[in-house]
Amino acid sequence: MCGIVGFTSLDTPAVGPLVNGLRRLEYRGYDSAGVALESADGIRVFKQTGRVAELDKLLAKELPNDERGKYTIGIAHTRWATHGLPTQANAHPHTADGGRLAIVHNGIIENYASLRAGLEKRGVKFASQTDTEVLAHLIAIFDKGDFLSAASEALKRVEGTYGMAAISARHPGEMIVARKGSPLVIGVGEKDIVVASDVSAIVAYTRQVIYLKDGDIACITPEGVEIHSLDNAPVTREVQEVDWDIGAIEKGGYEHFMLKEIYEQPEALANTIRGRLDPSGATAFLSGLSLTPRELAAVRRVVIVGCGTSLHAGMVGKYLFEKLADLPTSPEQAAEFRYSNPIVGPDDWVIAMSQSGETADTLAAVRESIRKGALVSGLCNVVGSTIAREAGRGVYLHAGPEISVASTKAFTAQVTALLMTALKLGRTRRLSFEDGARLVGEIEKIPDVVREILAGNDAIAKVAEKYASAGDMFFIGRGILYPAALEGALKIKEVAYVHAEGYQAAELKHGPIALLSEKTPVVALLADIPGKEKTLGNVQECRARNAPVIGIATKGDDVAAAAVTDALAIPKTSPEIAPIASVVALQLFAYHVARLRGCEIDQPRNLAKSVTVE
Ligand code: M6R
């Protein structure tokens, strides 16, 4: 939520890297953007409402190329509004000290109102409604000649979360960065240092990075990085190498990141699976879990926490854990769980699902579970992310960077990882060698199953064309396909702005059926799972109310094909794989509907990729 970039170099102008970095981070928020640049003449700030492209136009107009060379240090920000409307005044960077100090911030300062009131009493005039501006003025007030100490003193008074970067004309060449609850990474190049909310804004310059930890504050100059705690004790953080390159975060010929990421799934899933199956033991190796068979056997209940798509994947996990490992499993929306004074303890295994590993609600659920003595694991995509680190053990998805705000490959990788986890857990309990071996074979086939669905893209696009103008849609599924129906509805809501609801197939007749008419298409998930015949009955109920039904059904299932208005075929799979296969078809369906409706697919309105506020 909000993207921060900072750049400093011995000789490279900062504007280009800052704006390029913002483009990479635009998925984190895109209602306004700005940069602050420092030279011997002081600090200049440029900000604009709208996307980074608007800021770029402003810079082209107001900062001629021949002037850019003198600014080799700067900070930049792309915003997802929390405090105050997305106006130019509320856009970052914010300034204090008569424009001599500029700051960009990601996160929420929870005590900003009382801090602001105190500052106003001292005569400080505010130019924006943001919480961030409070921090700028506090740093200016504490500045008695040492920039790092001034920022530390200010941050000690702040409650809430921050990733921040600041520059000051009183301290030429120094950039102060700090984090608590919002990610911040420092890329250390040969001549340049780049700071960003995530590595995607850094890899164009260097793959050597330092992940700051909560409570770290650093002073950066072109010569190097000094990290301290807020109490000024020196801190050492290791330099790590990012294991992917710039190609992974470019569109590579696809019109949108969403489509690219849908198409990346066979390879992404092969990476999730690689080296983790053990055919000889009919189980899975998941070394990151660091749990002995004895510890796994002692688990009495699984709780899966997450939000959005990650929650839907966790809901599939319920079916997998209960069926394969005989373990009662509750999927929980992370914020609801965290504030429910949850009953968890040493017998419970809490699995936190998060693509980004930074979702504030999920992180809070992890902390609450650790506090209560539960066994906690992360199931994250982003390596080194906060949830992955704080959980301390877990399974990385290895699905590669996901840039589109709508999550696609992360879902299928999460379900695949949960399936392997359930297999491992099941094999410490009552799952037989034969059943384990069957599952190992099924998991190995997942990339090919997805490949086959992608090959049917044209047929899906054709059906999407027929329904692209619908204002409302229903998605129905039962059992393990119910979460897939929720995920299909979420995808079409967020990328195509179609009002959609996901329901248990049996629940439709208990009220929502009143809304059906020839104008409300129903997408029915009809893959081969136990209970499919019942869903076919529900399809008949929908058709009897004139609702057109799009069926996602197994290839060659003539009964299902005859029952629906339009059938989209997916390969025959075991029930455990059916949610993956069904959701890939639904991702393509949502993508095509969004494209036909002219939506901004990769950056839908009002959203942000990484939700780091509660
Ligand atoms: O990074 P996370 O998986 O924790 O993110 C959770 C949700 O914010 C995320 O899945 C969101 O619902 C996506 N926009 C769905 O496409």
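Remember, it's a predicted structure, so these values are computed and weren't measured experimentally. (Residues numbered from 1 in each chain as written. Predicted model: local features only at pLDDT ≥ 70, side-chain atom pairs only at ≥ 80, totals over all residues. Heavy atoms only, no water.)

What follows covers the sheet that holds strand E4 (residues 73-79). One key point about sheets: their strands pair by backbone hydrogen bonds, in either a parallel or an antiparallel sense. Spatially, E3-E2-E4-E1-E10-E9-E11-E14 is the arrangement adopted by the eight strands of the open sheet, whose pairing is antiparallel. Each edge of the open sheet is held by one strand with a lone partner, namely strand E3 (42-49) and strand E14 (240-241). As defined by bridge partners, strand E1 (residues 3-9) adjoins strand E10 (residues 192-196) across five bridges and the pair is classed as antiparallel. If you follow phenylalanine 7 over to E10, its bridge partner there is valine 194. The strands touched by helix H1 (residues 15-25) are E1, strand E2 (32-39), E4 and E10; relative to E1, the strand with the most contacts, the crossing angle is about 155°. In the packing of helix H2 (residues 52-62) onto the sheet, the strands contacted are E2, E3 and E4, and the crossing angle to E3 comes to about 135°. (Pairing = 2+ DSSP bridges. Helix = DSSP H or I, 4+ residues; strand = E, 2+ residues; numbered from the N terminus. Contact = heavy atoms within 4.5 Å. Axes fitted to C-alpha atoms, helices over the stretch in contact; angles between N-to-C directions.)

This part covers the domain arrangement of the protein. The extent of an interface is frequently quoted as the accessible surface area lost upon association of the parts. Taken as a whole, the protein is organised into domain 1 (3-244), domain 2 (251-444) and domain 3 (456-601). Between the C-alpha centres of domain 1 and domain 2 there is a distance of 34 Å. If you look at the interface, domain 1 gives nine residues, while domain 2 gives ten residues. Both faces considered, domain 1 and domain 2 share a buried interface measuring about 810 Å² in area, 56% of it formed by carbon and sulfur atoms. Linking domain 1 with domain 2 are one salt bridge, by the criterion used here. Between arginine 367 and aspartate 214 there is a salt bridge; the shortest N-O distance is 3.3 Å. Between the two partners, domain 1 and domain 2, sit two residue pairs in polar contact (both at pLDDT 80 or more). Of the residues in the side of domain 1 that touches domain 2, the class split is six nonpolar, no polar and three charged. (Domains from an automatic or database assignment. Buried area = accessible area lost by both parts, 1.4 Å probe. Salt bridge = Lys/Arg side-chain N within 4 Å of Asp/Glu carboxyl O. Polar contact = N/O pair within 3.5 Å; in protein donor to acceptor, adjacent residues only side chain to side chain. Nonpolar A, V, L, I, M, F, W, Y, C, P; charged D, E, K, R; others polar.)

The α-helix advances 3.6 residues per turn, and as a result positions three or four apart in sequence lie on the same side. The end-to-end C-alpha separation of helix H10 (residues 308-325) is 25 Å, in line with the 26 Å expected for 18 residues at 1.5 Å each. When you tally the buried positions in H10, you get 13 out of 18 residues, the bulk of the element. Within two residues after H10, aspartate 326 carries a phi angle of roughly 55°, on the positive side. (Expected span 1.5 Å × (residues − 1). Buried < 20%, exposed > 50% of the residue type's maximum accessible area, 1.4 Å probe, protein only.)

Here histidine 92 and proline 93 are connected by a cis peptide whose omega angle stands at 0°. As for its placement among the helices and strands, proline 93 is situated in the loop between E4 and strand E5 (94-96). At asparagine 341, a residue that is not glycine, the phi angle is positive and equals roughly 50°. Structurally, the position occupied by asparagine 341 is in the loop between helix H11 (334-338) and strand E19 (348-354). Judged by its relative accessible area of 56%, asparagine 341 is exposed. Of note, the phi angle at asparagine 606 is positive, near 70°, even though the residue is not glycine. Relative to the assigned elements, asparagine 606 resides in the segment after helix H20 (578-596). Overall, asparagine 606 belongs to the exposed group, its relative accessible area being 64%.

All right, on to the site of the ligand then. As a matter of local geometry, the ligand sits amid 15 residues, with Ser310, Ser354, Ser356, Thr359 and Glu494 nearest to it. In this structure, serine 356 approaches the ligand through a side-chain N or O atom, which is 2.7 Å from an oxygen atom. Within the backbone of serine 407, one N or O atom sits 2.8 Å away from an oxygen atom of the ligand. For the ligand, the protein covers 90% of the area, taking 410 Å² as the surface of the free molecule. Of the residues belonging to the shell around the ligand, the class tally is five nonpolar, eight polar and two charged. (Near = heavy atom within 4 Å. Areas by Shrake-Rupley, 256 points an atom, 1.4 Å probe, with all protein chains shown as cover.)

Moving on: the nonpolar core. Core analysis: the largest hydrophobic core is formed by 92 residues, its most contacted members being Trp349, Ile492 and Phe589. Per element, the largest residue contribution to this core is 13 residues, and it comes from H20. The residues that make up this core include at least three from each of domain 2 (251-444) and domain 3 (456-601). Other than its neighbours up to four places away in sequence, isoleucine 492 contacts Met473, Phe475, Tyr497, Val498, Ala500, Phe589, Ala590 and Val593. Within the second largest apolar cluster, 36 residues are counted, among which are Phe7, Val15, Val35 and Val203. (Core = buried A, V, L, I, M, F, W, Y, C linked by side-chain atoms within 4.5 Å.)

Let's shift gears to the pairing of strand E18 (residues 329-333). Regular strands show a simple pattern: their side chains alternate between the two faces of the sheet. As judged from the five bridges shared by strand E17 (residues 301-306) and E18, these two strands associate in the parallel manner. By the bridge assignment, valine 302 is partnered in E18 with threonine 329. What joins E17 to E18 is H10, and the crossover it makes is right-handed. (Right-handed = clockwise from strand over helix to strand, strands pointing away.)

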